[in-house]
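# Coordinate analysis (summary)
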Amino acid sequence: MSKRRQFTTKGPCYPSDEWHVIERPLHPEDNAKNESIFAVANGHVGIRATFEEGYSGPGRAGPGVFINGFFERHDIRYPETAFGYARYDERMVPVCNCLPIQLMIQVDFEVEAFDMFTGTVVDYTRVLSMQNGEMTRSVVWRSPRGREVEVVATRFCSQTRPSLVVMNYQVTALNCDCLLSLSSQLDGKAEHFTPHGGPVDPRLSDLAPSLQTIYKKQGGTYAALEQRTFFSNFFMVCAMDNEVHCSSGKPVAFEEEAWDLIQDEKVGVRFAVPLKQGQSVTLTKFVSYITSRDMDKDELHRTAQAVVAEAKQLGYEAIRAENRVFFEDFWKAADIEIRGDSYLQQGIRFNLFHLLQSVGREGRTNIGAKGLTGQGYNGHYFWDTEIYIIPFFLYTHPEYARALLMFRYYTLDAARKRAREINLKKGCLFSWRTISGEECSSYFPASTAQVHINADICYCIKSYIEATNDQEFLLKYGAEIVFESARSYIELGVWERGSFQIHGVTGPDEYTALVDNNYYTNIMAQATLEYAHRLYDSLSLGHAEELQAITAKIDLRPAELEAFKQAALKMWLPQDHVLGVHPQDDSFLKKKSWDFENTPRDSYPLLMHFHPLVIYKHRVCKQADVILAHYMLGNRFTLKEKKADFDYYEPITTHDSSLSVCIFSVVAAEIGYHTKAYEYFMNTARMDLDDINRNASHGIHTACMGGTWLCVVPGFAGMRVYNNMLSFDPYLPMEWDGYSFRVRFHGALLRVVVSERTAEYTLLEGRSLRFIHSSTTRVSLKAGKTVTLRLKDKFTDIATLEFDGVIVEIDAFIRNLDSEQAQAWIWVLNSFLELRSKRDSREYAPITPAEYEVSLKHGITEDYRYLGLQLFLMSRGIDLPLGSSMDAVTAPTLCGLGNAKRAKFRESIEDCGLKTDPGIINLIKDLRDEGIPVAAVSYSKNCRWMLEKGGLSHLFNSIVDGDKFSQLGLRGAPFGDIFSRAAEEMATQPRRCVVLLKDIRGYSVGSMKHFKFIITAMEPSSGKIAAAPPAPVSDLSLSSLSSEYMEQAVANMVRSEWNGVTTDVLEDWVKLRDTSPPAAGQATPTPLRRRGSGLISLLGSSSAYHPPQTTAAGGSGAGSSAATPRSGQFPGRPPLPRGTLGSMLGSLSGGHPGGRASPSSSPSPPARPFPPSRVEGSPFTPTAAPSQPTSVPTPLNLCCHDDPSDSPPPSPSAGGPAHYPSRPGDTRAFPGGLPPEMPPTGNTTYTSPPRARQDSSEPTDHAPPSPRIHPNPAPAGEENPPHTSTAWHFLCASPIAFLKACSGLLCLRCCDAPAACDTGVSICISARASSPLLRILCGPTLGRLGAPSALLAPLPSNLRAASRGQSSVGDAPRARVAARPLPN
């Protein structure tokens, strides 16, 4: 802890008592402080604990009665002024004092006035009861002449009748018979507490404006005074009625006391009561305060008299009982119990008690920095309310949180006016310190410049809606505030170097002012802009009419919504990578550090001993700034970042603000600094009781009191609400035996009891509540149930919710997505081909629906989105460059066509709209209401646009779309990368997620097995997939691939009807998964048709391809016709469309007329089993081949090599599976070094002479060499240019990885690698100066059927461009060329 916080105190000022604050004996030196500590209030009126008879002792006194929101206004005088400075100050003024009761004791003709400082105080006790809100003072007093009386005075402010104050004053004659005189008065001469001596404290003012008493009224035991302010033009009536009861039962005489209205400003009633020794008399005084802020001033007297008359009729005990019931209900939800430290227990309850007393409850008032206990800060309201105080009320008594937020709505017009004063054309700027809504601070660098106050308010609105789902408040009040606040940040910010920045502001740390890009301000503004954008989307779906009314009222334009989105996305958030911290602002780290070692302790707070310019140029913090951002938006930071920032900022923070220590305590608890957390908490919990800041006489510190709750509940108990989900991560401070508290959330009341090893959760109210414990266990509690969980431990033997998140593929609930996508692609491509036909003067066949299915619908694999499009165009003899994502829709590039398709698709959606499944939409809404995060996933780059267009984006906590798919390099099917990414963004794990998708076909067991529960709308059939999973080429090894990635994933349930499905229904399905047999219609094992591999998977079959067995004469064996696929068809697949690359590849299978069956009489070797999966931490282990043919994939063995003979590499030795190095010279997979046929050098130049093609009727063990084919034959009489061959060695399970890795001329040849796979493809990466070719030859299995067929196609231009760096003969290759992915 910083040096500032290490000073010692005199210890506890009050004896330990868990429910009471007790002063015994009288301490006159602490009188002013005790007037604050023992004050009583009810949010409307507050009364400092001055004595009824007045104070004549040593020290200071600050009597005062305050009404929330009742202030006087005066001009702020600037010797030098400027445009936009605050013009008026508003100050809470003490009003008519209702306390005076003068006690006179008369024996014979001697009269003595009761005054504790003129006689002898025999016994004295003052008690503030936090259980019922009463303050009681008991005094046994001996007069100078020896007469003893006991005075017991009790007072409280009615919590159910805001304007009512009740006093009970009992006097007992102890040692004499006497005549007591009790004068009950109202004193209009309100006294003002002003500082005396000492350094100048800018938090106080010595100007004390007064009220003018303008009218008095008396009648019987009733009396009233009317007062008014001079400038703010408020009127107030204070009325009282009295009743007196004597223990003797005799009637009591009374008379009206007459004072001059102008001179004395008093009214009163005097009661004379004769008492015998031991008898007592009780005066009960009912007082009401009514102001013109509450009603028309003509109604003030009538209303004030009616209030006291009703109270008198009910009687003291009845009103007292009402108060006790109120406090019982309050503590039922608000109490925090500490076991093992009664002093802390007292401090916590004291703080919560004063928060209740101080909070405005009718929506027109707020809660001042000093509550209603003093004039410190002039009674102004600050941002303290939203950040430090509302959280307590929000999670215990949310009705008070709503009232506090309503105040911001009622001052919204003043905030708009203030925004115009500082030249903001739109939006609002809430005042930093105010009572009515107008800015009252004369020092703008520490007030108006703190524009984060708008974001603080919006953050609180968002939290309130998440906790209560109060849609009425959101629609009528909250949304308007959010939109206007977001507008203000657009006006305040500037675009600079591609980022959105906010300059010339001050953050929470007031020792650093007028800086650029204060971190807290920027990240909170970002959160506000994001929330405003999401809120608009949400309301446009469910409350379109209300949203239209709001936008019409404030003239909110659609372009502004886009501005919100872009500014949030590009918000500049400073970060220093050298120190590993987030700078507080752009210049903070450049400043000179404050000399803490040579700063005396009595020089704190610095603001009272140093000029602001001295402080501003140093690296010193008054309070939490960046650290506050860690608490507010904790899910945006890693634990490492939080620790680094805490370690950096803690030593340079003085905590000169009472707002600071609680935030440091909360963050310290989160990052594991438990000792520091407790130290800071100790300085928070008893800040006022022990007068740690030595200014409690000015009033209590309401923000610090709210901070006490923050230290315990968000701090030690780790309570957070992220993504609308309540969570706890509790631990027990070692100084305690245990603690407990209660939290309201979603209408339920949860009790949490934390002990040494466990946390016990009990649902006291509400039907059910879901929450997370210790980040690992999601709990679903029903009414009256209790669960006990271990601290910081996973627990599985309780009734936990079955899943933490739901991932929904948008195809599952947008019914017309597939059809609109298909129509858009077909329209764009046919239009392009038609234009191309005119340009090239040749006919191009239009795309067919079947070609769309194969080429485009499933043409996205890994992060190369345009592979399917590229290969389709190649099938038409068209080679287009890739282009860039910024290409126009008319550009002749792949990206241009993609953009044209997106534009056409959006145009179509604009016309026909989205057709959604109402059942799934209702389920998503129900999940969100239950606090369960939901993610949307899609490979489409239109995904987010569609969701926003349909007003659905707000329903999802995460959206993983085509943009993220490309940016993050996620893999396509058979992998479930988009689903895993969605789980990660929802801060959960796949094993705790339910997946809803339209079609599971194409996803493998290995990718989907980690998810909790999978539901699909389409039932697949059983089988294997064709290709092994793609991965970075340089990292692939056949032995690292698991057979799980060959097996088609199986859904737990097939369901197409979703009406009536709720969260509970979904949970029941998940629960039954392991306890019930599969339901009718449930999915069975199915063949995996890899999504995004419709073209490439044709290189291998979905099950092991067994060629037809032939006789010696060359005929087929028996039954071969039934078992042999038709031309161009693999088992389990539809016929390949002719004219496409698929049909050309089909020719390689022997089905095309160009291929013939092998005359060999020997059957083909059985398919090899796929290598075993890699077990983490274990070496690879080969798996023996089964005795029977096994259905396996045919992964491509991309073994790139240099071979002047152009012959395929031989089979590896029988010692184990083949493992080829991933780059030149890499021999890790070869224990004995590289095979002799694979030279370690990676560059060989040779000229390949023409070769005659081998007759296909000759049986061969390997595919025969094929002739070199030059795309541009040499002119007559010239030789073809020499062929430069450069090779790297790879193993790749996916042709996609091959295509992405290629650069230069590609020559694919199949080789036999029996120990590794059934079919291998050897790739030789070559470079030519001329136009290269893509040459594909058949593999050994197909080669056995006959002479290999060759396919020649132009190499795509983007690959051709990449090859130019190696076009010269003898140019050395770069090892990373093969692993470089193509641009998206």
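This text follows the structure it describes.
In what follows, the accompanying structure is described. Quick caveat, the model's predicted, so the values are computed rather than measured. (Residues numbered from 1 in each chain as written. Predicted model: local features only at pLDDT ≥ 70, side-chain atom pairs only at ≥ 80, totals over all residues. Heavy atoms only, no water.)

### Examining the overall build of the chain
Broken down by element type, the chain carries 33 helices and 44 strands. The buried share of the chain, reckoned over its 1384 residues, is 60%. Restricting to contacts in the chain with at least 6 residues of sequence separation, those with at least 24 account for 71%. (Helix = DSSP H or I, 4+ residues; strand = E, 2+ residues; numbered from the N terminus. Buried < 20%, exposed > 50% of the residue type's maximum accessible area, 1.4 Å probe, protein only. Contact = heavy atoms within 4.5 Å.)

### A look at the sheet that holds strand β29 (residues 758-765)
Within the open sheet, the five strands sit side by side as β20-β27-β28-β29-β32. Their pairing is antiparallel. In the strand order of this sheet, the two ends are held by β20 (337-339) and β32 (786-790), each with one partner. Pairs of neighbouring strands in the sheet enclose a mean axial angle of 20°, with direction left out of account. Summarising the sheet, β20 and strand β27 (residues 738-745) pair through three bridges and their orientation is antiparallel. Bridge pairing in β27 places isoleucine 338 opposite tyrosine 739. (Pairing = 2+ DSSP bridges. Axes fitted to C-alpha atoms, helices over the stretch in contact; angles between N-to-C directions.)

### Quick notes on the pairing of strand β30 (residues 768-773)
β30 sits mainly inside the fold: five of its six residues count as buried. By the bridge criterion, three bridges tie strand β26 (residues 725-728) to β30 in an arrangement that is parallel. Bridged to leucine 726 within β30 is phenylalanine 771. Pairing between β30 and strand β31 (residues 777-782): six bridges, direction antiparallel. By the bridge assignment, leucine 769 is partnered in β31 with leucine 781. Two successive antiparallel strands, β30 and β31, enclose a turn made up of three residues, where serine 774 displays a positive phi of approximately 55°.

### So, helix α10 (residues 519-542)
An ideal rise of 1.5 Å per residue puts 34 Å on 24 residues; α10 measures up with 35 Å between its terminal C-alpha atoms. Counting buried positions over the 24 residues of α10 gives 17, a clear majority of the element. The N-terminus of α10 is capped by asparagine 518, whose side-chain oxygen sits 3.3 Å from the backbone nitrogen of tyrosine 520. (Expected span 1.5 Å × (residues − 1). Polar contact = N/O pair within 3.5 Å; in protein donor to acceptor, adjacent residues only side chain to side chain.)

### A few points about the sheet that holds β31
What links the strands of a sheet is backbone hydrogen bonding, and the strands pair in either a parallel or an antiparallel sense. Strand order in this open sheet of four strands is β25-β26-β30-β31, and the pairing throughout is mixed. Each edge of the open sheet carries a strand with a single partner, namely β25 (720-722) and β31. Taken over all neighbouring pairs, the strand axes of this sheet differ in orientation by 35° on average, direction set aside. Strand direction decides the pairing type here: β25 and β26, joined by three bridges, are antiparallel. Residue pairing for β26: valine 721 is matched across the bridge by leucine 726.

### Details of the pattern of salt bridges
Taken as a whole and assessed by the stated rule, the structure comprises 62 salt bridges. Across the pair aspartate 241 and lysine 312 runs a salt bridge, and its minimum N-O distance is 3.3 Å. Here lysine 312 lies in helix α2 (residues 300-314) and aspartate 241 lies in strand β16 (residues 235-246), a separation of 71 residues in the sequence. The class of aspartate 241 is buried, set by a relative accessible area of 10%. Among the ionic pairs, arginine 981 bridges to glutamate 984, the shortest N-O distance being 3.6 Å. Of the two residues, arginine 981 and glutamate 984 are both situated in helix α26 (residues 977-985); the distance of three residues between them amounts to about one turn of the helix. The exposure class of glutamate 984 is exposed, given its relative accessible area of 53%. (Salt bridge = Lys/Arg side-chain N within 4 Å of Asp/Glu carboxyl O.)

Such coordinate-based values are descriptive only and should not be taken to indicate function.
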